[in-house]
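One letter stands for each residue in the lines below.
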Amino acid sequence: MAFRVHAVTTGPAADLAHRNAFITAQIALTDDPKRRPNGTMRFAQESYVISATLEIIQTSTTRQSVNVPITVFATGRSWSALLPTQQVEVTGRLAKPTHGTLAAAFLLVRDPPRVLTPPSTLQTAAGALRSGLRSAADVLPPEQRGLLPGLVVGDVSRMDPQVTSDLREAGLSHLNAVSGANLAIVAGAALALSRLIGLPLPLRAAFAALAMLAFTVVARPSPSVLRALLMGLAAAVAMGTGRSKDGVAALSATVLFLVLFAPELARSYGFALSVTATAGILILAPRWRDRLTTPRDEETDSAPAPTRSTDEQPKGGPDAKGTARTPSRMAAEGLWTPPPKGNRRAAAESTSATDEILEEAGDRPEAPPDEPRRANIPTLLNRTPRQQLPEHETHLRYRDLETHQEHHALEKHRTYRELTTHPRHQELATHPRHQELAAHPGHREMTMHPGDRELAMHPGHPELAVHPELEMCQGHHEPEMCQGHGELEECRRGRGSEGRDTRPDRENHEPPDHAKRQRGPDGVGCRRWRLPRWIAEAVAVPTAAQVAVTPVLVLMSGQVTPVAVIANLLVAPAVAPATLLGFGAALVAPLWPDGARLLVIPAGYAVGWIVTVARWAVNLPFATVPWPAGLAGLALLLLAVAVAIPILRRRAWRAVAVTVAAAVLVAVLVVRPIAGHWPPRNWLMVMCDVGQGDGLVVSAGPGRGVVVDTGPDPIAMDRCLRRVGVDDVPLLVLTHPHADHVDGLPGVLRNRRVGAVVVGPPVTGGRADDRISAVLRQHRIPEGTVAPGTRWRFGPSEVTVLAPDPARGEMNGLGEGSAINNSSVVLHVRWRAGSILLGGDLETEAQDELLHRLTVRADILKTPHHGSNRQSPAFLASLGARTALISVGADNDYGHPATSTLRLLHRLGLTVYRTDQSGDLAIVEGEDGRMAIVPRGP
């Protein structure tokens, strides 16, 4: 790391950057040019950021060869066609790089590049695949057209800004960048194909490795792709050589290797998110999945039996005549030692009673010829004469029996299973003698004893797991069946929190370790509700990844995304089909474009589902929760986790927490939408919170609205229209061509019909007019200017144009953009309940002109120019308004609204509402026929 820092901070490039020198340079591109947003200049020339290697520096006096990384900031569409490995010559100015980056300098270029060499063959092929996928995706709608290349190969050049924002706020931003999931899908498909054609395991591993390398070249080696590639190659080597795979070790080695050879990754949020998400999936997901899922049945039959001496093993096989030995015969022949004196009688009576049933039925099961007969455990458990002994002595002696040296030989006995599956099992079960034994008081008592449960939970006793009485409290395999049984409460009353027998007449009996592991947290082997394994894994993986990346997201963006887990769970089924079909289309496109389009169409359905889920998720209440950014936010998050862990570990507290969370969800998802529906009933106009700008929607009927200005951000404008439910805009009015009023135009045009556009008269310096006209022509939307007095009727709203008057010419003011502001289209909107004046960005000169030309009255005022200090007191007073609305961005650089304007409005008796404090503002018609202002909230 120190060598790399020294290399980029010394040398000719660093020296010239400190002097901001102009140079002619030869550079080699190391990545695709990435188009970057232009802030508030969305209609300006396209700009790109390019990672490159500076090879030759030429000034007016010197020419030097160097080899240092730089970052190029350039403008012009010609940069978009360049590919990695190409060498170009450019002229520009060097500048010092941002502190902490490992670039020697920034190179600012305005002129188009002069291409010196073509890209390498490999990069040419990769570029052809990416270009072919883009061309094939042209058959899809705009949203899907941009997301599919981003999902498949990381090409986000045509991503819709609104889709990008939705994915980010829904916790799905990893889908528009290639990650380990894409690599895993491609590798899995390669393994499946190689296995289908019959390749041996080493060749299958090699084929998967080649597929991952090829995919990395096409998708470009981003930090997340490099991390996934190295882990995938390690897994392929392990699979091909038959070695075990350790995901955590592979992740650790990958991170160490990448940071050593590419130290700049240590400061990359993308790399940090990739690593933490993978770590969460490897470490947390398996544990959570196992907690949620039903444990697999243990392969007990194959478990080795405990070692015993020959004199301890009961000889349960047939005798020389082939007759099966029962426990009573084994005891008589000296092959099995009964319990001490008191229990011997009980065991003998129970055993002989069971033998009588078998002999009367004539269906005594025989042991296989190659396996010795084992003692009959059910006869020992079902013995009835316990009532003849004191209760404490009975249990003590029963423990003596189960801890007897010959207990291990009894663990593998299968007679009970054979008996229950025998064709005449039902006949035996209804035998009078059998019912008498089962109904004996000692039988229930024996089955509830701790020793019985420990014996039943022993790994060597799968046959006892199905016993109808032991299954109530054993906690073995499928514990759901004991919930709600009366016997469960009896078990709990007799056990402490650690599973020991706490009854006063019993001594503590510590269950074996395997029994503890199979029991619940309260020591009783009671069953909890479980999920199928595939559902548990589908829930555990996104949850673990989201939990792991949350600290990084807090540091990076200062927000928490609770909806991310649900969104990832919903889109998961669509990711693999979209990736495989899209990658297949990319491979086919250079050879068969029509076939690529056929593959893209079903992929578009999968991508469309992802877009739909993201749009739905961001519209949920509290989809993103603001959180303090930086170390303070991280400390607060750790504090919340420290409080949550003890709560979730205790059953009672966990129940309270779940109840509170459920109540909050009901309040947020059900009660709030019903009680606080947006837009409010009988809404007339909504002033959208679009930041520092204007964006208004006037009601024109159900699903329709007249839009006046579009704000600076298309994403914010589109969301406001979605919240209001407007998908048809019969009229769009752009009051004047300033960025804070027109740059949100793409948001209005997104998935909506726009009938016509009204613009102001051309003004000197209004360079945005031509760009707006080009966008409207592209969407085939008519535009034009209108004269004062023009009137429209849309639903409940009557819209009248008051200004500007073209005959009066331009009105300059004190500011640089005053002439454009004073040419704003002024509208008067009237409803049955009242009226409002929409004054655009009129300044003092235009306000006074309108005052002297017309007599205007309005109940509500949209304060001109965001409440700047360029207001005419006489004009504002002449309106007779009772309420003033101000559309303004929080903490803006213009000082809006001005303190003097706020004092003037209050002095005139107007109630002031601001979007930076109250969010969207709705004008509604109340039940009494009067207008009211309803804020949505920030």
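Below is a short write-up of the structure. No experiment lies behind these values; they were computed from the predicted model shown.

### Remarks on the state of the cysteines
- This model, assessed by the stated rule, comprises 1 disulfide.
- One disulfide in the model links Cys 688 with Cys 720; its S-S distance is 1.9 Å. Disulfide Cys 688-Cys 720: torsion about the S-S bond near -70 degrees, hence left-handed. Here the residue Cys 688 occupies a position in the loop between strand S10 (683-687) and strand S11 (695-699), and Cys 720 occupies one in helix H28 (residues 714-724), the gap between them amounting to 32 residues. As far as burial versus exposure is concerned, Cys 688 and Cys 720 are alike and both buried.

### A few points about helix H4 (residues 142-153)
- Taking 1.5 Å of rise per residue, the 12 residues of H4 would be expected to cover 16 Å, and the 17 Å separating its terminal C-alpha atoms lies within 8% of that figure.
- Across the 12 residues of H4, 10 count as buried, placing the element largely inside the fold.
- Contact partners of the buried residues in H4: helix H3 (121-136), helix H5 (161-169), helix H6 (180-196), helix H7 (201-219), helix H24 (564-588) and helix H25 (593-618).
- With its phi angle positive at about 75 degrees, Gly 154 sits one or two positions after the end of H4.

### Overview of the side chain of Gln 692
- Tracing the chain through its elements places Gln 692 in the loop between S10 and S11.
- A distance of 3.0 Å separates a polar atom in the side chain of Gln 692 from the backbone nitrogen of Gly 889.
- A distance of 3.4 Å separates a polar atom in the side chain of Gln 692 from a polar atom in the side chain of Asn 892.

### Structural notes on the pairing of strand S21 (residues 835-838)
- Side chains Ser 835 and Leu 837 project from S21 onto one buried face, and the interleaved Ile 836 and Leu 838 project onto a second face that is buried too.
- In this sheet, S21 lies alongside strand S20 (residues 826-830) in antiparallel orientation, the contact comprising 4 bridges. Along S21, the bridge assignment pairs Arg 830 with Ser 835.
- The antiparallel hairpin formed by S20 and S21 contains 4 residues in its connecting segment.
- Direction of pairing for S21 relative to strand S22 (residues 860-862): parallel, over a ladder of 3 bridges. When the sheet's bridge partners are listed, Ile 836 is paired in S22 with Ile 860.
- In the classification by handedness, the crossover that spans S21, the intervening helix H33 (residues 844-853) and the parallel S22 is right-handed.

### Things to note about the packing of H6 against H7
- One can describe the packing of H6 onto H7 by two numbers: an axis separation of 8 Å at closest approach and a directional angle of 145 degrees. The crossing of H6 and H7 is right-handed. For the pair H6 and H7, the contacting residues are Asn 182, Leu 183, Val 186, Ala 187, Ala 190, Leu 191, Leu 193, Ser 194 and Arg 195 in the first and Arg 204, Ala 205, Phe 207, Ala 208, Ala 211, Met 212, Phe 215 and Thr 216 in the second.
- Grouping the amino acids of the contact of H6 with H7 by side-chain chemistry returns 12 nonpolar, 3 polar and 2 charged.

### Some remarks on the environment of Lys 34
- Structurally, Lys 34 can be placed in strand S2 (residues 34-35).
- Look at Lys 34 and you get partly exposed, because its relative accessible area is 43%.
- With 46 residues separating them in the primary sequence, Lys 34 and Ser 80 have C-alpha atoms 7.8 Å apart.

### Focus on the packing of aromatic side chains
- Applying the stated criterion to the full structure yields 2 aromatic pairs.
- Summarising the aromatic geometry, the rings of Phe 73 and Phe 106 are spaced 5.2 Å apart at their centres and angled 75 degrees between planes, so their arrangement reads as edge-to-face. Taken together, the residues span a long stretch of sequence, with Phe 73 in strand S4 (residues 63-75) and Phe 106 in strand S6 (residues 105-109) at a distance of 33 residues.
- Owing to a relative accessible area of 23%, Phe 73 belongs among the partly exposed residues under this scheme.
- Ring centres of Phe 215 and Phe 583 lie 5.3 Å apart, and the angle between their planes is 65 degrees; this geometry places the pair in the edge-to-face category. Taken together, the residues span a long stretch of sequence, with Phe 215 in helix H7 and Phe 583 in helix H24 at a distance of 368 residues. Exposure class is identical for Phe 215 and Phe 583. Each is buried.

### Structural notes on the pattern of salt bridges
- One pass over the full model with this rule turns up 28 salt bridges.
- As a salt-bridge pair, Asp 32 and Arg 130 come within 3.8 Å of each other at their nearest N and O atoms. With a gap of 98 residues between them, Asp 32 in the loop between strand S1 (22-29) and S2 and Arg 130 in helix H3 connect regions that are remote in the sequence. Grouping residues by exposure puts Asp 32 and Arg 130 together as buried.
- Between Glu 143 and Arg 750 there is a salt bridge; the shortest N-O distance is 2.7 Å.

### Quick word on the nonpolar core
- Core analysis: the biggest nonpolar cluster contains 55 residues, and Leu 133, Leu 148, Leu 167, Leu 172 and Ile 610 have the highest contact counts within it.
- Of all the secondary-structure elements, those providing two or more residues to this core are H3, H4, H5, H6, H7, helix H8 (223-241), H24 and H25.
- In terms of residue count, the dominant contributor to this core is H25 (11 residues).
- Every residue in contact with Ile 610, bar those within four places of it in the chain, is listed here: Leu 147, Leu 151, Leu 167, Leu 175, Val 571, Ala 574 and Val 575.
- Grouped together as the second largest cluster of nonpolar side chains are 29 residues, Trp 678, Val 686, Val 726 and Ile 781 included.

So, how was this worked out
- Residues numbered from 1 in each chain as written.
- Predicted model: local features only at pLDDT ≥ 70, side-chain atom pairs only at ≥ 80, totals over all residues.
- Heavy atoms only, no water.
- Disulfide = S-S within 2.5 Å.
- Helix = DSSP H or I, 4+ residues; strand = E, 2+ residues; numbered from the N terminus.
- Buried < 20%, exposed > 50% of the residue type's maximum accessible area, 1.4 Å probe, protein only.
- Expected span 1.5 Å × (residues − 1).
- Contact = heavy atoms within 4.5 Å.
- Polar contact = N/O pair within 3.5 Å; in protein donor to acceptor, adjacent residues only side chain to side chain.
- Pairing = 2+ DSSP bridges.
- Right-handed = clockwise from strand over helix to strand, strands pointing away.
- Axes fitted to C-alpha atoms, helices over the stretch in contact; angles between N-to-C directions.
- Left-handed = near helix turned anticlockwise from the far one by under 90°.
- Nonpolar A, V, L, I, M, F, W, Y, C, P; charged D, E, K, R; others polar.
- Phe/Tyr/Trp six-rings, centres within 6.5 Å; stacked < 30°, edge-to-face > 60°.
- Salt bridge = Lys/Arg side-chain N within 4 Å of Asp/Glu carboxyl O.
- Core = buried A, V, L, I, M, F, W, Y, C linked by side-chain atoms within 4.5 Å.

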